[in-house]
Each structure stands twice: as structure tokens, then as C-alpha cells.
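Coordinates in review
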Amino acid sequence: MEVIICPTYADMSRAAAREVANVLYAKPNAVLGMATGSTPLGLYQELVRMHREEGLDFSQVTTFNLDEYVGLSPQHEQSYHFFMHENFFKHVNIPPQNVYIPSGTTNNYKAFCEWYERRIKEVGGIDIQILGIGSDGHIAFNEPGSSLMSRTRLKTLAKPTIDDNARFFAQREDVPIYAITMGVGTILEARELILLANGKKKAHAVAEAVEGPVTSMITASALQLHPAATVFLDTEAAAELKMRDYYQWIQKNKPGAPRT
Ligand code: GLP
């Protein structure tokens, strides 16, 4: 796992956007795995800027989102459909038919989840998956105890996640308690993973995920099993890492770089 510690949130967002853009330059019809939450907003803004100012092209791109709340229609302002449209899709040129987001309103969740997994395989798999991290260490909505081999499925949200997300709803009772989420096993099959985290609220979960044991109690720790996972942090989110100096030494002294 590579750990990149950036001075600010803006630097972290730019560094992660460069990683996504590099995948697109190498493979214009790449399959991108998208994440929601406040963390990737800066990354999406930077990709939109690259699209407008540098001609970064999304016309052949396909996307799969990690998750969606059950019970919210795509028009609901807190749905991940709405979030993705407002913050990213409406600003770039991805063909709408290439956009996949789990349905929060299907009447057959099991069949939907199987279809979602099949579609990912049929388009050749996800090239780069963007991830945030919950304060309980989850990725997507894979709450503590989720199997590290889990697939896309219906999940009950943990209470801390409901509390975290209550700030976006008028009242706590409005937060859905179920979601459809890609599984940890689904996520681990992406060719490359990038996890972003900023702010001191994430410092503990980040330390557990990066330096703790691999455990289904912290599903982000499964990134340790992936051969191409990079964690982008701002200094606050990196604050509880014991090996901070080591990660910075490695960043400065990559193979091929002049010795410092
Ligand atoms: C939700 C999402 C996750 C996201 C997490 C953190 O639980 N399902 O994918 O990583 O929130 O959100 P934020 O970036 O707002 O802290």
C-alpha cells in the first residue's frame, strides 16, 4: 500500500485527480469506480476543471458507483444518484447510458445486486476505484463485520454511520437504515484502488486501516490485501499514523528519483 500525505485537502484532491487522469490518458475507455461523501468533492472538482481547461475526455468512460441508500429516489436530494449528477456527471461528458449507480428503489434487491455484479464483469472490470472511509473504518457501506469477500448486497447501516450522515437530513429518523453496497470482495477486484481521507475525524480509522491488522471490523483494512492501493491523506487524517516519516521518506525517494 502506498501512503501519500499532502499538506492540505486541496493538494490531496489534486494528487488523487492526477492518478485518475493518468488512468484515463492510458485508457480512454476506462471503467471508473465512483464514491460519494464530502471527501471526494475536491477530486471531482479537479476532474471537472481538467475536463474544461485541459480537455480531459470522458466520452468513452463507464462508471459504477459504490452504493446507494435504500428508499431514496434518484431525485431525492440526499440520494447518491442526485449527489453524483450535481457534483460530477452534469459537468463532464460521460454518456448517461454508461453510468451505473445501485438502485435504491428496485423491488428485487437480490436480482438487482446480481445484475450489478454481472455488468461490472461484462464491461471488463473496474480500472480504478475511488474510496472514502467512514469514521468506523468502512468502505462504501461495508460496515464492521462485513465479510472481506462480500459482494454487492443489501446492508443494514451501523448506528455511528446513521449518526454521521444525519447532518445531511432534516432529522435522524429520515436517514435510511439500509443501503445497497458493493462488497469488499467486489471492491478488491478493481485493478487499482485509491482511498482518500481528510480531517482529524478520520485519523483513527485511517491508522487502523493502514497500520492495524486486516480485519472485517475495519473493512478499509482490506486494502492491505490489494496489490495497487494508494491512500491519499491530508496532514490531519495522517496524524495517528506511526510510520508517517517512513511514508514521506518513500515518497521522496522513489526508484529512479535522485537521492535526497
Ligand atoms: C458514506 C459512504 C462512504 C463514504 C463515507 C464517508 O458512509 N457510503 O462511501 O466514504 O460516507 O463520508 P465523508 O466523505 O462525507 O466523510
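1. Considering the overall build of the protein
Of the regular secondary structure elements, the protein holds eight helices and 10 strands. For the protein, the C-alpha radius of gyration of 18 Å lies close to 18 Å, the compact-globule estimate for 260 residues. Overall size of the protein, expressed as C-alpha extent along the three principal axes, is 60 × 40 × 35 Å. If you take every contact in the protein between residues at least 6 apart in sequence, the share linking residues at least 24 apart comes to 78%. Treating the 25 positive side-chain charges of the protein as one cloud and the 29 negative ones as another, the clouds have centres 3 Å apart.

2. Quick look at the packing of aromatic side chains
Counted under the stated rule, the structure contains 13 aromatic pairs. With 4.6 Å between their ring centres and 10° between their planes, Phe64 and Tyr100 make a pair best called stacked. Here the residue Phe64 occupies a position in strand E3 (residues 62-65), and Tyr100 occupies one in strand E5 (residues 99-100), the gap between them amounting to 36 residues. When its relative accessible area of 12% is taken as the criterion, Tyr100 is described as buried.

3. Considering the site of the ligand
Close contacts around the ligand come from Gly37, Ser38, Thr39, Asp67, Tyr80, Gly132, Ile133, His138, Ala140, Phe141, Arg167 and Lys202, and that covers them all. For the ligand, an oxygen atom lies 2.7 Å from a polar atom in the side chain of Ser38. Thr39 has a polar side-chain atom sitting 2.4 Å from an oxygen atom of the ligand. Protein burial of the ligand: of its 390 Å² of free accessible surface, 92% is covered by the chains. Classifying every residue of the shell around the ligand by side-chain character gives four nonpolar, five polar and three charged.

4. A closer look at the sheet that holds strand E7 (residues 153-156)
One open sheet holds the three strands; their spatial order is E4-E8-E7, and the pairing between them is antiparallel. The outermost strands of the open sheet, each flanked by one partner alone, are strand E4 (67-69) and E7. Geometrically, the sheet is characterised by an average inter-axis angle of 30° between neighbouring strands, direction not taken into account. Pairing of E7 with strand E8 (residues 178-181), which is carried by four bridges, proceeds in the antiparallel orientation. Residue pairing across strands places Thr156 opposite Tyr178, the latter belonging to E8.

5. Section: the packing of helix H1 (residues 9-26) against helix H2 (residues 41-54)
Running from N to C, H1 and H2 point in directions that differ by 55°, and their axes come no closer than 8 Å. Taken together, the axes of H1 and H2 are oblique relative to one another. As for the relative orientation of H1 and H2, their crossing is right-handed in sense. In this structure, H1 uses Tyr9, Ser13, Arg14, Ala16, Ala17, Val20, Ala21 and Tyr25 to contact H2, whose residues at the interface are Leu41, Gly42, Leu43, Glu46, Leu47, Met50 and Glu54. Grouping the amino acids of the contact of H1 with H2 by side-chain chemistry returns 10 nonpolar, two polar and three charged.

6. Regarding the environment of Leu196
Mapped onto the secondary structure, Leu196 falls in strand E9 (residues 192-197). Classification of Leu196 by relative accessible area gives buried; the value is 1%. Along the sequence, Leu196 and Ala16 sit 180 residues apart, while their C-alpha atoms lie 7.8 Å from each other. Each residue touching Leu196, except ones within four places of it in the same chain, is listed here: Met12, Ala16, Thr39, Leu43, Ile130, Leu131, Gly132, Ile133 and Phe232.

7. Section: the pairing of E9
Burial analysis of E9 places six of its six residues in the buried class, the great majority of the element. Across four bridges, strand E6 (residues 128-131) lies against E9 in parallel orientation. Bridging across to E9, Ile130 finds its partner in Ile194. Here E9 runs beside strand E10 (residues 229-234); their pairing, made up of five bridges, is parallel. Its bridge partner lying in E10, Leu193 is registered against Ala229. Regarding the hand of the β-α-β motif, the stretch spanning E9, helix H7 (residues 203-211) and E10 is right-handed.

8. Some details on the side chain of Ser103
Mapped onto the fold, Ser103 is located in the loop between E5 and helix H4 (109-122). Looking at Ser103, its side chain comes within polar contact range of the main-chain nitrogen of Thr105, at 3.0 Å. In this structure the side chain of Ser103 is engaged in a polar contact, spanning 3.0 Å, whose partner is the backbone nitrogen of Thr106. Setting aside anything within four residues of it in sequence, one finds Ser103 in contact with Glu68, His81, Tyr109, Phe112 and Ile180.

Cut-offs used in this document
Residues numbered from 1 in each chain as written. Predicted model: local features only at pLDDT ≥ 70, side-chain atom pairs only at ≥ 80, totals over all residues. Heavy atoms only, no water. Helix = DSSP H or I, 4+ residues; strand = E, 2+ residues; numbered from the N terminus. Rg over C-alpha atoms; globule rule 2.2 N^0.38 Å. Contact = heavy atoms within 4.5 Å. Lys, Arg positive; Asp, Glu negative; His and termini not counted. Charge placed at Lys NZ, Arg CZ, Asp CG, Glu CD. Phe/Tyr/Trp six-rings, centres within 6.5 Å; stacked < 30°, edge-to-face > 60°. Buried < 20%, exposed > 50% of the residue type's maximum accessible area, 1.4 Å probe, protein only. Near = heavy atom within 4 Å. Polar contact = N/O pair within 3.5 Å; in protein donor to acceptor, adjacent residues only side chain to side chain. Areas by Shrake-Rupley, 256 points an atom, 1.4 Å probe, with all protein chains shown as cover. Nonpolar A, V, L, I, M, F, W, Y, C, P; charged D, E, K, R; others polar. Pairing = 2+ DSSP bridges. Axes fitted to C-alpha atoms, helices over the stretch in contact; angles between N-to-C directions. Parallel < 35°, antiparallel > 145°, perpendicular 65-115°, else oblique. Left-handed = near helix turned anticlockwise from the far one by under 90°. Right-handed = clockwise from strand over helix to strand, strands pointing away.

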